[in-house]
Amino acid sequence: MAVVGSNLTSGNSAVSGTSFQTASITPASNNLILASIIVYNTASTNPADPSLSGNGLTWVKVNSILYDNNSASRRKLFLYRALGTASAGVITITTGETDADVAWSVDQFLGTDTSGTNGSGAIVQSNTAAQLTSPTVTSLSVTLSALGSAGNATFGVF
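Residues numbered from 1 in each chain as written. Predicted model: local features only at pLDDT ≥ 70, side-chain atom pairs only at ≥ 80, totals over all residues. Heavy atoms only, no water.

J.: Teacher, can you tell me more about the packing of aromatic side chains here?
T.: Applying the stated criterion to the full structure yields one aromatic pair. Residues Phe 109 and Phe 155 carry aromatic rings whose centres are separated by 5.4 Å and whose planes lie at 80 degrees to one another, so their mutual orientation is edge-to-face. In this pair, Phe 109 is assigned in strand E8 (residues 101-110) and Phe 155 in the segment after E8, connecting sequence segments 46 residues apart. Classification of Phe 155 by relative accessible area gives partly exposed; the value is 33%. (Phe/Tyr/Trp six-rings, centres within 6.5 Å; stacked < 30°, edge-to-face > 60°. Helix = DSSP H or I, 4+ residues; strand = E, 2+ residues; numbered from the N terminus. Buried < 20%, exposed > 50% of the residue type's maximum accessible area, 1.4 Å probe, protein only.)

J.: I keep staring at the pairing of strand E7 (residues 92-99) and nothing clicks. Help me out?
T.: Consecutive side chains of a regular strand alternate in pointing toward one face of the sheet and then the other. One ladder, built from four bridges, connects strand E2 (residues 17-21) with E7; its direction is antiparallel. By the bridge assignment, Gly 17 is partnered in E7 with Asp 99. (Pairing = 2+ DSSP bridges.)

J.: Quick question: what am I supposed to make of the sheet that holds E8 here?
T.: Where strands meet in a sheet, backbone hydrogen bonds hold them as pairs that are either parallel or antiparallel. With respect to topology, five strands assemble into an open sheet ordered E1-E8-E3-E6-E5, the strand pairing being antiparallel. The outermost strands of the open sheet, each flanked by one partner alone, are strand E1 (4-13) and strand E5 (60-68). Mean inter-strand twist for the sheet, computed between neighbouring axes without regard to direction, equals 15 degrees. Pairing analysis gives nine bridges linking strand E3 (residues 32-41) to E8, with the strands arranged antiparallel. Residue pairing for E8: Ala 35 is matched across the bridge by Val 106. (Axes fitted to C-alpha atoms, helices over the stretch in contact; angles between N-to-C directions.)

From the geometry alone we can't say anything about function, so treat these as descriptive.
So this is what it looks like as structure tokens:
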């Protein structure tokens, strides 16, 4: 079966705070759900890992990368996964610190491996590339290992 993805919601909050909510979504049960989160703070410290809750799912961090380490502010990209019996509702992103801006995109994937826990069987590799913060960068790439079968799919967040 081919992997089929769809976006459930995306958005941001430019109001400083410690807790942020997505629009209400209705994920299908036993589909892989990926939440891409960007946290921006105006402190000279790296953003802390947020916690996610909602939709009756357990959210697990897959990976993260600091991509802006300006001395006066910081930006970090996080990827979270979930898979299980889902319910409708919002996802709450709690940062545990006052952040200036949080942005998100939540995507759903049908046809993934549902073994493991909370989507662990669907994620075979999670690679990041060196951060590039120059405003003149026009392309980015990440090296992946060979895919294991024709039924594999890739997902990227830049």
